[in-house]
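# Report on the structure
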Amino acid sequence: MIDATTTKEAVLLARLQSLRWKAGLRCPRCGHRDCSLHACGKDGRRKLRCSGCGRTFNDLTGTPLARTHLPLTLWAKAARLLASSHQTCSSLSVKLEVKLATAWRVRKILTEALKDEDLRQTLVTEDIP
Ligand SMILES: [Zn+2]
């Protein structure tokens, strides 16, 4: 059986990958194009290794969402809420079912993240409930 949440996560991830790497995969640190799959996490997120500088990165490296570990579905829900109306941290925390401190961080990070056109297009979408 396919878990609906997992599917949405995969759809968001695929959308982010196609927007972010539309000009081809490229190391966010050195710009090298020769990158290979290094590992794949159980959340479906891949880890890539650059053969230029030898460092690893993922699809969110270099964006405000890097190192956040929250599912993209949660970011998308928060982004849509923030795009539709002003949200206080406490209302966000109730709607996202996260702690107040998490809601505060989500709002702060998203304010930056939504300035990025690729992230905005990934997260603020109509077709994913
Ligand atoms: Zn590199």
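These numbers come from a predicted model, not from an experiment.

### What about unusual backbone geometry?
- With phi around 60 degrees, Arg-67 is a residue other than glycine that occupies positive phi space.
- Summarising the element assignment, Arg-67 is placed in the loop between strand 3 (56–57) and helix 2 (72–84).
- Non-glycine residue Glu-97 carries a positive phi angle of around 55 degrees.

### Observations regarding the domain arrangement of the protein chain
- Splitting the protein chain by domain gives domain 1 (1–21 + 62–129) and domain 2 (22–58).
- Between domain 1 and domain 2, the C-alpha centre-to-centre distance is 22 Å.
- Across the contact, seven residues belong to domain 1 and six residues belong to domain 2.

### Here we look at the environment of Arg-46
- Within the secondary structure, Arg-46 is located in strand 2 (residues 46–50).
- Considered as a pair, Arg-46 and Leu-60 are 14 residues apart in the sequence and their alpha carbons are 10.0 Å apart.

The rules behind the values
Residues numbered from 1 in each chain as written. Predicted model: local features only at pLDDT ≥ 70, side-chain atom pairs only at ≥ 80, totals over all residues. Helix = DSSP H or I, 4+ residues; strand = E, 2+ residues; numbered from the N terminus. Domains from an automatic or database assignment. Contact = placed C-beta atoms within 7 Å.

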